[in-house]
Each structure stands twice: as structure tokens, then as C-alpha cells.
Amino acid sequence: MVFRVARHTNNIEALSEFYTKVLNLQVLGEFKDHDHYDGIFIGLEAENWHLEFTKSNEIADHKFDEDDLFVFYPETEMDKILANIEKYGINKHIPKNPYWQVNGIQINNPDGHGIIISGLRIK
């Protein structure tokens, strides 16, 4: 089974840079003006999941709360991702869920959606 998370955004370029430069993911594909939508697929080629972000003339109006999170478990890239968070000046946030306060770090993507990077007890 292949899994895709699709979400509309006003910041497709900023999201592309965030996920590729900070989280070391890859642009797997993109489309322009498909029924008035532009889109980008981001993930890793060897995996069976990816994120899709779309943009159109309709303004996205997201209402994320503190428990709406994407959780990533980097298997080999943890040190590089943590270095990228520092390099690009990404602010860290204190997760609402106490589990993530002990077992990960939270950053937010350019849309304000929470991202947890989890590995071995990061502080």
C-alpha cells in the first residue's frame, strides 16, 4: 500500500524548501495548472509514502491545533536534520503531548503545522 498525505497550501515554494533543505526529503514529482492546481510530491524514493502539497487560487485556511502533527523517525539522517534545524534558524517548540517532550523535538513548517522529529531521547 502506498500512503499519501495531501494538503492545500498558500506556501508551496516555502514548504518545498523546508522539507528538502531541513528534513532532507526529495521532490518526487510536481504538476502545474492541472485543473487550476499546482502541486508537488515530497518524500523519499525508496519509501511507499509521500506528502502532496497543492496550491490554487483558493486561499488555504488551516486551523491546526497543538496535537496536529507530522511525526518523522529518521533512521540515518538524524544528525544532519538536527544540524539543518540550527543552520536554517528553525525555532523549536515545546510539544503539548508530554510523550513528545521526552521523545522528540517539535518544529513547525512554513504553514505552522507541527513537525516532530523523533529518535533516541532528544533534548
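Just above, that's the structure.
Starting afresh in each chain, residues are numbered from 1 along the sequence in its written order. Selection of residues for local features in this predicted model requires a pLDDT of at least 70, selection of side-chain atom pairs for listing and counting requires 80 or more, and totals for whole chains, interfaces and linings are taken over all residues. The basis for every side-chain value is the complete set of non-hydrogen atoms in the structure, without hydrogens or water.

A. Spatial organisation of the sheet that holds strand β7 (residues 105-108). Any two strands are treated as partners once DSSP identifies two or more bridges connecting them. Numbering of helices and strands starts at the N terminus; helices are DSSP runs of H or I of at least 4 residues and strands are runs of E of at least 2. Strands sit in the order β5-β8-β7-β6 across an open sheet of four strands; the sheet is mixed. Two strands lie at the open edges of the sheet, namely β5 (69-72) and β6 (92-93), each paired on one side alone. Here four bridges tie β7 to strand β8 (residues 114-117), and the two strands are oriented antiparallel to one another. Looking at the pairing, Gln106 lines up with Ile116 of β8. Against the sheet, helix α1 (residues 12-22) engages β5, β7 and β8, with an angle of about 150 degrees to β7. Helix-sheet contacts for helix α2 (residues 78-87) involve β6, β7 and β8, and the interaxial angle to β7 is about 50 degrees. Residues count as neighbours in contact if any of their non-hydrogen atoms are within 4.5 Å of one another. Whenever a helix is involved, its axis is fitted only over the stretch in contact; in every case the axis is a line through C-alpha atoms, and angles between N-to-C directions fall within 0 to 180 degrees.

B. Spatial organisation of the side chain of Ser118. Within the secondary structure layout, Ser118 lies in the segment after β8. As used in this structure description, the phrase polar contact means that two N or O atoms lie within 3.5 Å; if the pair is within protein, one of them must be able to donate a hydrogen and the other to accept it, and residues adjacent in sequence are counted only when both atoms belong to side chains. Of the polar contacts made by the side chain of Ser118, one reaches the backbone oxygen of Asn103; its length is 2.5 Å. Ignoring anything within four residues of it in the chain, the contact list for Ser118 reads Phe72, Tyr73, Pro74, Met78, Trp100, Asn103 and Gly104.

C. The pairing of β7, seen in detail. Note that β6 and β7 share two bridges and pair antiparallel. From the neighbouring strand, His93 faces β7, where its bridge partner is Gln106. Counted along the chain from β7 to the antiparallel partner β8, the turn is five residues long, and its residue Gly112 has a positive phi close to 90 degrees.

D. Inspection of the packing of aromatic side chains at higher detail. Centres within 6.5 Å are what make two rings of Phe, Tyr or Trp a pair, Trp counting through its six-membered ring; a difference in plane orientation under 30 degrees is then read as stacked, over 60 as edge-to-face, and the rest as tilted. All told, the structure shown has seven aromatic pairs when counted by the stated rule. Their ring planes at 25 degrees and their centres at 5.4 Å tell us that Tyr19 and Phe53 sit as a pair that is stacked. One end of the pair, Tyr19, is in helix α1; the other, Phe53, is in strand β4 (residues 49-55), with 34 residues separating them in the sequence. Consider the rings of Tyr73 and Trp100, whose centres lie 6.4 Å apart with planes at 55 degrees: the pair is tilted. Placement of Tyr73 in the loop between β5 and α2 and of Trp100 in helix α3 (residues 98-103) is noted, with a sequence separation of 27 residues between them. By the ring-pair criterion, three or more aromatic residues cluster together here, those being Phe18, Tyr19, Trp49, Phe53 and Phe72.

E. Structural detail: the nonpolar core. Core analysis: the biggest nonpolar cluster contains 20 residues, and Tyr19, Leu23, Phe53, Phe72, Ile115 and Ile117 have the highest contact counts within it. Elements that contribute at least two residues to this core include exactly α1, β3 (37-43), β4, β5, α2, β7 and β8. No other element matches the five residues that α1 contributes to this core. With sequence-adjacent residues up to four places away left out, Phe72 is seen in contact with Tyr19, Leu23, Leu25, Trp49, Leu51, Ile115, Ile116, Ile117 and Ser118. Working definition of a nonpolar core: buried Ala, Val, Leu, Ile, Met, Phe, Trp, Tyr and Cys residues. They are joined through side-chain atoms within 4.5 Å. We call a residue buried when its accessible area falls under 20% of the maximum for its residue type, exposed when it is over 50%, and partly exposed in between, using a 1.4 Å probe and counting protein chains only.

Interpretation note: all reported values are geometric properties and have no functional meaning in isolation.
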